[in-house]
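Residue-level structure breakdown
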Amino acid sequence: MLNSPRTAIASDTREGGARRRVPVSVTAPDPISREGAVSQLRRHPEIELREETGPGTVALLIENTLDEAALSRLRRIVRSEGARAVVVVGTIRETELLDVVGCGIGAIVWRHEATAHRLVQAVLAAARGDGDLPADLLGRLISQVGSMHRGTEGRLGVPSLGLVSREVDVLRLIADGLDTGEIAGKLSYSERTVKNVIHALTTRLHLRNRAHAVAYALREGYI
């Protein structure tokens, strides 16, 4: 038997009969938008509003569009501050969609659909580590990824399996700002091994440099 949306939310925040509150911070480009979201969330006992983001916190970000500044904020919140994120946005262009997913964002809400129930639903999904995308956006994402895969089929030097685990480990540390020596120390590799890993993946995937390799890994959802 399927639960109603209200029942699903209530049951999702109970463990052993005790209500588990989810810490949430709200960021918006203007005070009216922020206060509107805060007002909607404040009425739900499963939400605990906070001023700061951090590990275990769900950051609700309201954006008109996802420009580079907005994407930088998303990356900082997810990677540096350790929070999970929900994005409430008016529009997302095709070129931005994979960038958003690459930032580690799994929950997106259209601004025109941002009711109190919809916001709480997305926040709880993010807190669990689940994905929550609008149906039309999910369809666009599937279509875009499918097009990318079809475009690489049969191309010389482009493997079907993409990056291997140690390449992902190295690129993740590059993205964190570590140099070759620091990466070698973190992974217990020699510096030569790190350089060989980078050279092999950039050559195989026709990437120009380390920054291009990191961008590729982000776009493909590896990091």
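Residues numbered from 1 in each chain as written. Predicted model: local features only at pLDDT ≥ 70, side-chain atom pairs only at ≥ 80, totals over all residues. Heavy atoms only, no water.

Of regular secondary structure, the chain possesses 10 helices and 7 strands. Within the chain, the proportion of its 223 residues that are buried is 39%. Accessible area of the chain: about 12200 Å², with a carbon and sulfur share of 52%. (Helix = DSSP H or I, 4+ residues; strand = E, 2+ residues; numbered from the N terminus. Buried < 20%, exposed > 50% of the residue type's maximum accessible area, 1.4 Å probe, protein only. Areas by Shrake-Rupley, 256 points an atom, 1.4 Å probe, with all protein chains shown as cover.)

This part covers the layout of surface pockets. Here the second largest pocket is characterised by a volume of approximately 230 Å³. Lining the second largest pocket, in full, are Arg 75, Arg 76, Val 78, Arg 79, Ser 80, Cys 103, Gly 104, Arg 172, Ala 175, Asp 176 and Ile 223. At the level of secondary structure, the elements contributing two or more residues to the lining of the second largest pocket comprise α3 (68–80) and α7 (165–175). Among the elements that line the lining of the second largest pocket, the one with the most residues is α3, at 5 residues. Class assignment of the residues belonging to the lining of the second largest pocket gives a composition of 4 nonpolar, 2 polar and 5 charged. (1 Å grid on protein atoms, 1.4 Å probe; cavity = no way out; pocket = protein on both sides within 12 Å on 5 of 7 lines; lining within 4 Å. Points joined across faces, edges and corners; volume = space filled by probe spheres on them. Nonpolar A, V, L, I, M, F, W, Y, C, P; charged D, E, K, R; others polar.)

What follows deals with the pairing of strand β6 (residues 84–89). Regular strands have side chains that alternate between both faces of the sheet. The buried fraction of β6 is high, at 5 of 6 residues. Crossover handedness for the path strand β5 (residues 58–63) to α3 to β6: right-handed. For β6 and strand β7 (residues 107–110), the ladder comprises 4 bridges, and the chain directions are parallel. Looking at the pairing, Val 86 lines up with Ala 107 of β7. (Right-handed = clockwise from strand over helix to strand, strands pointing away. Pairing = 2+ DSSP bridges.)

So, about the pattern of salt bridges. All chains considered together, the criterion is met by 8 salt bridges. Among the charged side chains, a network of salt bridges with common partners joins Arg 34, Glu 35 and Glu 51. (Salt bridge = Lys/Arg side-chain N within 4 Å of Asp/Glu carboxyl O.)

By the secondary structure assignment, Asp 99 is in helix α4 (residues 94–102). Overall, the relative accessible area of 29% leaves Asp 99 in the partly exposed class. Expressed as a C-alpha distance, the spacing of Asp 99 and Gly 221, which sit 122 residues apart in the sequence, is 8.7 Å.

This part is about the packing of α7 against helix α9 (residues 191–204). Contact pair α7 / α9: the axes reach a minimum separation of 10 Å and the direction vectors enclose 100 degrees. Comparing the axis directions of α7 and α9 gives the class roughly perpendicular. Facing α7, whose interface residues are Arg 166, Glu 167, Val 170, Leu 171 and Ile 174, α9 presents Thr 193, Val 194, Val 197, Ile 198, Leu 201 and Arg 204. Each residue belonging to the contact of α7 with α9 can be placed in one class, and the counts come to 7 nonpolar, 1 polar and 3 charged. (Axes fitted to C-alpha atoms, helices over the stretch in contact; angles between N-to-C directions. Parallel < 35°, antiparallel > 145°, perpendicular 65-115°, else oblique. Contact = heavy atoms within 4.5 Å.)

Residues other than glycine seldom take positive phi values, yet Ser 188 does so here, at roughly 60 degrees. Tracing the sequence through the fold places Ser 188 in the loop between α8 (180–187) and α9. If you check the backbone angles, His 206 has positive phi at about 60 degrees while not being a glycine. Along the chain, His 206 falls in the loop between α9 and α10 (210–219). A residue is classified by how much of its surface remains accessible, and His 206, at 52% relative accessible area, is exposed.

Attention shifts here to α7. Within α7 the residues assigned to the buried category are Glu 167, Val 168, Val 170, Leu 171, Leu 173 and Ile 174. At its buried positions, α7 is contacted by α8, α9 and α10. The positive-phi residue at the C-terminal boundary of α7 is Gly 177, with phi of around 95 degrees.

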